[in-house]
Amino acid sequence: MERQIDELILISCVGEKNPKEPIAREFYVSDWFKKAIAWYDRKGKEAPDDVLIMGGILSAEHGLISFYKWLEPYDKTLNDMKVEDRQEWTKLVCKQFADKYPVVPKKITILAGQKYREFLEPWLRFAYQGTEVEVPMKGLGIGQQKQWLMNN
């Protein structure tokens, strides 16, 4: 029997990348992303031993990926995509999500902007009824988001 995930944290990719660090969690290098990864790491360290917290990155190029996926440089963002392309991206992420997480998480936390959430968030709420879907920084500006990540 697979263990239930207590919380799954999804962090969006960012435009600033360092191709010399091809592991996903080190590939994205914006201040915001570094703070989001640090927040995720803190949550995992502070969680009791019987609480399972997992995470993934929402990549405009690859969909839902592991923090440890090896990446090649790319220049793609959902912010520049047409609605139809963002819908196709969401379909890819939904398929990957179902494949990677056959056991439904108790909670899903999304750290991503509107374009990354617009179709994904409603799908998660529908497909995983009973799972808490949280977007804790919804409506905050980038500076406020960084403050939130440092203080929570």
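Our structure's up above, just so we're on the same page.
Along each chain, numbering runs from 1 in the same order as the chain's sequence is written. Per-residue local features are limited, in this predicted model, to residues with pLDDT of at least 70; the limit for side-chain atom pairs, both in listing and counting, is 80 or more; totals at the level of whole chains, interfaces and linings are taken over all residues. Think of the side-chain values as coming from all heavy atoms in the structure, minus any hydrogens and water.

### Focus on the packing of helix α3 (residues 83-100) against helix α5 (residues 120-127)
Rules: Orientation is described by lines fitted to C-alpha atoms, with helices fitted over the stretch in contact, and by angles between N-to-C directions that extend from 0 to 180 degrees. For helices the rule is a DSSP run of H or I covering at least 4 residues; for strands it is a run of E covering at least 2, with both sets numbered from the N terminus onward. Here a crossing is called left-handed whenever its near helix is offset anticlockwise from the far helix by less than a right angle, and right-handed whenever the offset is clockwise. Here, two residues are considered to be in contact whenever any of their heavy atoms come within 4.5 Å of each other. Charged means Asp, Glu, Lys or Arg here, nonpolar means Ala, Val, Leu, Ile, Met, Phe, Trp, Tyr, Cys or Pro, and polar covers whatever is left, Gly included.
Axis separation between α3 and α5 bottoms out at 10 Å; the angle between their running directions is 35°. The interaxial crossing formed by α3 with α5 has right-handed handedness. Side by side, α3 and α5 meet where T90, V93, C94 and F97 of the first sit next to L120, W123 and L124 of the second. Classifying every residue of the contact of α3 with α5 gives 6 nonpolar, 1 polar and no charged.

### Considering the pairing of strand β4 (residues 107-111)
Rules: Using a 1.4 Å probe on the protein chains alone, a residue whose accessible area is under 20% of its type maximum counts as buried, one over 50% counts as exposed, and one in between counts as partly exposed. For two strands to count as paired, DSSP must find a minimum of two bridges between them.
Most of β4 sits out of view: 5 of its 5 residues are buried. A two-sided burial pattern is seen for β4, the buried positions comprising K107, T109 and L111 on one face and I108 and I110 on the other. The sheet contact formed by strand β1 (residues 7-12) and β4 spans 5 bridges and is parallel. Its bridge partner lying in β4, L8 is registered against I108. Bridging between β4 and strand β5 (residues 132-134) involves 3 bridges; their strand directions are parallel. The residue of β5 that forms the bridge with K107 is E132.

### A short note on the sheet that holds β4
One key point about sheets: their strands pair by backbone hydrogen bonds, in either a parallel or an antiparallel sense. Ordered in space as β3-β2-β1-β4-β5, the 5 strands form an open sheet in which the pairing is mixed. Of all the strands in the sheet, just β3 (63-65) and β5 have a single pairing partner and so form its edges. Across this sheet, the average inter-strand angle for adjacent strands is 25°, counted without regard to direction. Bridge analysis of β1 against strand β2 (residues 53-59) gives 6 bridges, and the strand direction is parallel.

### A few points about helix α2 (residues 31-46)
Stated formally: Working rule for helices: expected span equals 1.5 Å times residues minus one.
Its 16 residues give α2 an end-to-end C-alpha distance of 22 Å, which sits within 8% of 22 Å, the value for a rise of 1.5 Å per residue. Taken together, the buried positions of α2 are W32, F33, K35, A36, I37, W39 and Y40. On its buried side, α2 packs onto β1, α1 (24-27), β2, β4 and α6 (142-151).

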